[in-house]
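Read off the chains here:
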Amino acid sequence: MTNRKNKLIKIVKLVFLITMIITCFASSTYANPTSERNNKEVDSVVLKTNMFNPDTATQEYLSKLTPEQKSKSDAYFEGGYWLLFWNMVYDVLIAWIFLSLGLSRWIKKLALKTKNINIQNLIYVGCYTLLVFLMILPFDIYANFFREHQYGLSNLTFGNWFTEKMVSFCIKLIIESIIIMLLYVALRKVKQNWWIWGGIISIVFMTGIILIAPIFIGPLFNKYTPLPENKLKEEILSIARANGVPTNQIYQYDNSKQTNAISANVSGLGSTTRISLNDNLLNTCTPAEIKSVVAHEMGHYLLNHGYKMIVFFGMIILFGLVLINWSFKKIINLRGCKWQIADISDISGLPLLMILFSLYMFMLTPIRNDIMLQKEVEADLFALNAAREPDGFAAAVMKTSDYRKVDPGYWEEIIFYDHPSIKSRISSAMRWKAENLDDEAK
Ligand SMILES: [Zn+2]
């Protein structure tokens, strides 16, 4: 019986490994319509058939940025690569403080004053999450407040920024405590196969958060009001009807109190589906730009990107938990006595579980980015076909150059980009214009 069970587990692990490899391979070899090679092939056809040149049109858009604006945007985006690295170093340092300096043992001792093991675990998770929050706060303040102000991207005062930080910390504390408590129930009850239950718990919460966050968490930070009746609203609803977005509800929200970035989303399910536009989009963009941005968001919604992400990230988490299960046991054999961690179901090993998960996600950065980037390419093409406003699309994309590097190197785009680069997106829009609009419309 045990042999059959072990064989079954090995088969499930093998299936996950193969699925992951196929997923990664499929996503990285996906025929990215914005690739240079494809562009050249199509452009040569376009040039033969009419006078509009997508390359020249793309360059015209890119040349609207002054050298100072471009170098500022490059510096901001490239600084983000270092933030990723230093964030990881910070995480390792925090894990070392908890494990080697005995902070984890001290919290466990505190939690053991209660009798129920689930309450003990909840107390541990609460203390751990609060201490990690406090330890990472200086880095957080630099990366997400001072640096954002340095580049003119945030409109929040420190007081308002900190208040929002505390609200999101409270939400994180509640969700994280429940997930980790359930994970340790699985670790105690099912032992060997805990990672299957760990994966299921993560997927259930991920689904809940993706579906609920924009409707219930969004209003905690911003005020949502119905968009007044006007021509723009009718045009957006017309695109929604033509493509099957089941809603006639459009909201605007006061995002300008936080940022200068333009943004929109289509959220909810069935009768709760709604379209939301931030006030920056409404106040700084033309109707053609607004329709392109909203059509992009409709693309994400109608192409079920949210659900596809849950499947991809669910698999990534499941595979990660298998690796963590294996590496945790190896490390505990070496350091378990020193750190006083009995086994993987011992809550004082939580900092080790967390750092192994962080390292795993850090290593997967290019794969995670690539999966998201492919979804963005699909939504861009949907937007071009649905709104039929390639210049509106290109102009809206140019507005993201404040915080996205315009023209990255090949490997830079593969490793760090979760959206296509600005150059790729505009090039894609201009090629669409060359092939899909008649001469008068160009
Ligand atoms: Zn998108």
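Residues numbered from 1 in each chain as written. Predicted model: local features only at pLDDT ≥ 70, side-chain atom pairs only at ≥ 80, totals over all residues.

### Here we look at the overall build of the protein chain
- A count of helical and extended segments in the protein chain gives 17 helices and 4 strands.
- Per-residue burial over the protein chain gives 28% buried out of 442 residues.
- If you take every contact in the protein chain between residues at least 6 apart in sequence, the share linking residues at least 24 apart comes to 77%. (Helix = DSSP H or I, 4+ residues; strand = E, 2+ residues; numbered from the N terminus. Buried ≥ 20, exposed ≤ 12 C-beta atoms within 10 Å, placed from the backbone. Contact = placed C-beta atoms within 7 Å.)

### Quick look at the nonpolar core
- Among the nonpolar cores identified, the biggest contains 37 residues, and V294, M298 and A383 are the most heavily contacted of them.
- With sequence-adjacent residues up to four places away left out, A383 is seen in contact with S292, A295, H296, G299 and F393.
- Ranked by size, the runner-up nonpolar core spans 31 residues in total, among them A111, L187, W195 and W339. (Core = buried A, V, L, I, M, F, W, Y, C linked by C-beta atoms within 7 Å.)

### Details of unusual backbone geometry
- If you check the backbone angles, N304 has positive phi at about 55° while not being a glycine.
- Checked against the element boundaries, N304 lands in the loop between helix 11 (287–302) and helix 12 (305–339).
- Although it is not a glycine, R388 sits at a positive phi angle of roughly 55°.
- What makes R388 partly exposed here is the crowd of 19 C-beta atoms within 10 Å.

### Some thoughts on the packing of helix 5 (residues 103–111) against helix 6 (residues 117–150)
- Running from amino to carboxyl end, helix 5 crosses helix 6 at an angle of 140°, the nearest separation of the two axes being 8 Å. By the angle between their axes, helix 5 is oblique relative to helix 6. Crossing geometry of helix 5 relative to helix 6 is assigned as right-handed. Between helix 5 and helix 6, the contacting residues are I107, K108, L110 and A111 on the first element and Q120, I123, Y124, C127 and Y128 on the second.
- Grouping the amino acids of the contact of helix 5 with helix 6 by side-chain chemistry returns 7 nonpolar, 1 polar and 1 charged. (Axes fitted to C-alpha atoms, helices over the stretch in contact; angles between N-to-C directions. Parallel < 35°, antiparallel > 145°, perpendicular 65-115°, else oblique. Left-handed = near helix turned anticlockwise from the far one by under 90°. Nonpolar A, V, L, I, M, F, W, Y, C, P; charged D, E, K, R; others polar.)

### Considering the confidence of the model for the protein chain
- Mean pLDDT for the protein chain: 88, with 88% of residues reaching 70 or above.
- Here residues 21–49 is a poorly scored stretch, pLDDT under 50, and it has 30 contacts once near neighbours within four places are set aside; other chains count. (pLDDT = per-residue confidence, 0-100.)

### Regarding the packing of helix 11 against helix 15 (residues 390–398)
- For the pair helix 11 and helix 15, the least separation of the axes is 7 Å and the interaxial angle reads 80°. Here helix 15 runs roughly perpendicular to helix 11, going by the angle between their axes. Between helix 11 and helix 15, the contacting residues are A288, E289, K291, S292 and V293 on the first element and D391, G392, F393, A395 and A396 on the second.

### Regarding helix 3 (residues 54–62)
- Buried within helix 3 are the following residues: P54, A57, T58 and Y61. Here the buried residues of helix 3 occupy an arc of 100° about the axis, which is enough to place them on one side. (Arc of directions from axis to C-beta.)

### Observations concerning the pairing of strand 3 (residues 264–267)
- Of the strand pairs in this sheet, strand 3 and strand 4 (residues 274–278) are connected by 4 bridges, and their pairing is antiparallel. Looking at strand 4, one finds that V266 is bridged to I275.
- Linking two consecutive strands that pair antiparallel, namely strand 3 and strand 4, is a turn of 6 residues; a positive phi of about 90° is found at G268 within it. (Pairing = 2+ DSSP bridges.)

### Re the sheet that holds strand 1 (residues 224–226)
- Across the sheet, 4 strands lie side by side as 1-2-4-3; this open sheet has mixed pairing. Each of the sheet's edge strands pairs with one partner strand only, and the pair in question is strand 1 and strand 3. Direction aside, neighbouring strands of the sheet carry axes that sit 30° apart on average.
- Helix 11 contacts strand 3 and strand 4 of the sheet and is inclined by roughly 30° relative to strand 3.

### Observations concerning the pairing of strand 4
- Counted residue by residue, strand 4 has 4 buried out of 5 residues, so it is predominantly covered.
- Pairing geometry for strand 2 (residues 250–253) and strand 4, over 4 bridges, is parallel. Looking across to strand 4, one finds that Y253 is bridged to N278.

### Quick notes on the environment of F357
- The topology assignment puts F357 in helix 13 (residues 350–363).
- A residue is classified by how many C-beta atoms lie within 10 Å of it, and F357, with 16 of them, is partly exposed.
- Spatially, the C-alpha atoms of F357 and I317 are 8.8 Å apart, while their sequence positions differ by 40 residues.
- When residues no more than four places from it in sequence are discounted, the contact partners of F357 are G320 and I324.

### As for helix 17 (residues 422–436)
- Compared with an ideal rise of 1.5 Å per residue, which puts 15 residues at 21 Å, helix 17 spans 21 Å between its outermost C-alpha atoms and is within 8% of the ideal.
- Burial analysis of helix 17 places 13 of its 15 residues in the buried class, the great majority of the element. (Expected span 1.5 Å × (residues − 1).)

### Examining the environment of M166
- Among the structural elements, M166 can be located in helix 7 (residues 158–189).
- Once the C-alpha coordinates of M166 and F133 are considered, the two residues, 33 residues apart in sequence, prove to be 9.9 Å apart.

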